Amino acid sequence: MSTLPSAVRPAPPRPRSPELRPAADEFRPAETPVPHLPRPASRTLGAAGFDRAVAWLSPADRRMLWLYLLTRISLWITAHGARWLFPRGSDVRDSGPVLAPFQQWDANHYLHIARDGYFPANAGPWTDGWDNREAFFPGFPLLLRAVHVVVPSWTAAGLLISLVAGAVAVLALSRIARAYVPEDTDGRRTALFFLLSPCAVFLAVGYTEALFLAFALPAWLAAQRHRWALACTLTALATTVRVSGLFLAAAIAVLFVLSVRARRDWRGVAWLALPALPPLAYSWYLHTHTGDWMAWKHAQERGWYRDFHTPWEAWSNTWNAAFEGVHTTGYAAMFQAELAAMVVGLALVALLVRNRRWPEAVYVALSLWALGTSYWYVSIPRATLLWWPLWMGLAAVSLRRPWFRTVYLCVAAPVSALVGLAFLTGRWAG
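Cut-offs applied
- Residues numbered from 1 in each chain as written.
- Predicted model: local features only at pLDDT ≥ 70, side-chain atom pairs only at ≥ 80, totals over all residues.
- Heavy atoms only, no water.
- Helix = DSSP H or I, 4+ residues; strand = E, 2+ residues; numbered from the N terminus.
- Buried < 20%, exposed > 50% of the residue type's maximum accessible area, 1.4 Å probe, protein only.
- Areas by Shrake-Rupley, 256 points an atom, 1.4 Å probe, with all protein chains shown as cover.
- Axes fitted to C-alpha atoms, helices over the stretch in contact; angles between N-to-C directions.
- Parallel < 35°, antiparallel > 145°, perpendicular 65-115°, else oblique.
- Left-handed = near helix turned anticlockwise from the far one by under 90°.
- Contact = heavy atoms within 4.5 Å.
- Nonpolar A, V, L, I, M, F, W, Y, C, P; charged D, E, K, R; others polar.
- Salt bridge = Lys/Arg side-chain N within 4 Å of Asp/Glu carboxyl O.
- Expected span 1.5 Å × (residues − 1).
- Phe/Tyr/Trp six-rings, centres within 6.5 Å; stacked < 30°, edge-to-face > 60°.
- Core = buried A, V, L, I, M, F, W, Y, C linked by side-chain atoms within 4.5 Å.

K.L.:
Describe the overall build of the chain, naming the residues involved and giving the relevant values.
P.N.:
Each helix and strand in the chain was counted, giving 17 helices and zero strands. The 430 residues of the chain split such that 51% are buried. With an accessible surface of roughly 20,400 Å², the chain has 65% of that area assigned to carbon and sulfur atoms.

K.L.:
Can you lay out the packing of helix α2 (residues 59-85) against helix α5 (residues 154-180) for me, pointing to particular residues and giving the numbers?
P.N.:
Contact geometry of α2 with α5 gives a least axis separation of 10 Å together with a crossing angle of 135°. Between α2 and α5, the interaxial angle falls into the category oblique. Between α2 and α5 lies a crossing whose hand is right-handed. Of the residues in α5, those in contact with A60, D61, M64, L65, Y68, R72 and W76 of α2 are S162, L163, G166, A167, V170, L171, S174, R175 and R178. The class makeup of the residues in the contact of α2 with α5 is nine nonpolar, three polar and four charged.

K.L.:
For the pattern of salt bridges, give the residues involved together with the corresponding values.
P.N.:
In total, this model carries 13 salt bridges according to the counting rule given. One salt bridge connects D116 with R115, and the closest N-O pair in it is separated by 3.1 Å. Judged by its relative accessible area of 35%, D116 is partly exposed. With a closest N to O distance of 2.8 Å, R382 and E209 form a salt bridge. With R382 in helix α15 (residues 380-383) and E209 in helix α7 (residues 209-224), this residue pair connects regions lying 173 residues apart in the sequence. Take E209: its relative accessible area is 0%, and that puts it in the buried class.

K.L.:
Run through helix α17 (residues 403-424), naming residues and quoting values.
P.N.:
With 22 residues, α17 should reach 32 Å at 1.5 Å per residue; the first-to-last C-alpha distance of 32 Å fits that figure. F404, Y408, A412, S416, V419, G420, A422, F423 and L424 are the residues of α17 that are buried. Where α17 ends, the next residue or the one after it, G426, has phi of about 80°, a positive value.

K.L.:
An account of the packing of aromatic side chains is requested, with residue identities and associated values reported.
P.N.:
A complete count under the given rule lists 29 aromatic pairs for this structure. Geometrically, the ring pair formed by F119 and W130 is stacked, given 6.2 Å between the ring centres and 5° between the ring planes. Highlighted residues: F119 in the loop between α3 (106-116) and α4 (139-148) and W130 in the loop between α3 and α4, separated in sequence by 11 residues. Note on accessibility: F119 and W130 belong to one class, buried. Taken together, Y118, F119, W126, W130, F137, Y282, Y285 and W296 form an aromatic cluster joined through their ring pairs.

K.L.:
How would you explain the side chain of N317 if you had to name every residue and give the values?
P.N.:
Within the secondary structure layout, N317 lies in helix α12 (residues 311-323). What makes N317 buried here is its relative accessible area of 17%.

K.L.:
Hey, could you go over the nonpolar core for me, with residue numbers and the actual values?
P.N.:
Formed by 124 residues in total, the largest nonpolar core has its most connected members in F194, F202, W220, Y363, W387 and W388. Counting residues per element, this core draws most heavily on α5, at 15 residues. Excluding residues within four positions of it along the chain, Y363 makes contact with F212, S244, F247, L248, A251, L386, W387 and W388.

Scope: geometric values only; no functional claims are made or implied.
Laid out in structure tokens, this is it:
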């Protein structure tokens, strides 16, 4: 979903990689035993539970968490500096609240939904100035409201959700990478490319990307091990967060069909319907309030111009917005990033098809179709965070061509810093 609210969003102008290889027994923690030291009798139950959790993590997992924590610290330092160095207004003498840089754009939509609900005081699409909040799926706002019970600050609650969910996502991604890119023995290279990607800031703020991946990547792990009940349950949770969960469900369905062809085992087929239930329930909820089964889709059309256009129309409109001087330089740069991300996505799909990675190709292709058939492109750079084959593919390329990692880091690190500053200072619009 775009982070650009309708009040300030530019209106449309008037008419005038290498092969990814799965391993046989993937996703299993390293078998090196972790020694259990004697514990004093006074150890509390909570401390014992923590010890068991740490013991479950392999050394590679712990290295991933350290890398993840270091990138979070880097982002928090950037946010602190942004408050002081880039204040809003030339005469500002107060840096503002510590967490203010994180409460930007879509984070405000999630806060309003969690605090006030979808239709506060009988307001809705029939109300002037409506913010089209029903375009956002309920998973993140519901969890935000639950965490707010124990964390008084709404912003801090959203950051905590993303912090924990991001850690789960990074661990799952590193385990997937160990199976598909065996040379990346601990998945650290894949995780590094992911955490320093141009839009990585959205994994740390109160957005849905981290929470979605915390469900989607473990779901993929479970599906690879043919644990269909767990995979579909996690995918159903992902569909409460983003409509992209349905694309994941389609990929898992393709994976199931491929496994049936090889194993002739149809057990678990009924679970494939489970991910469709949360979107159906949400559509029913919206229908009871608006009389419209597709109210969330129509809200996207009103607020973000996501009505259907052919792919070539969408490309043309985005190109004009990026290079024809229609918008200010900030918005033009946003549209240029959208075009670049679309090219990357198309190349990724082509590579996946070439390597016959059909489930992943379906997942990325459906995402591109959904994002590439609006009036113009919106939020494709952020969507790259959800394309886990991309980060494994880049890691695989860097292992075969060592210079590639240097090039990637030299390009991605400053771009990531610029996007982070743009978001934290309220100037990001994509």
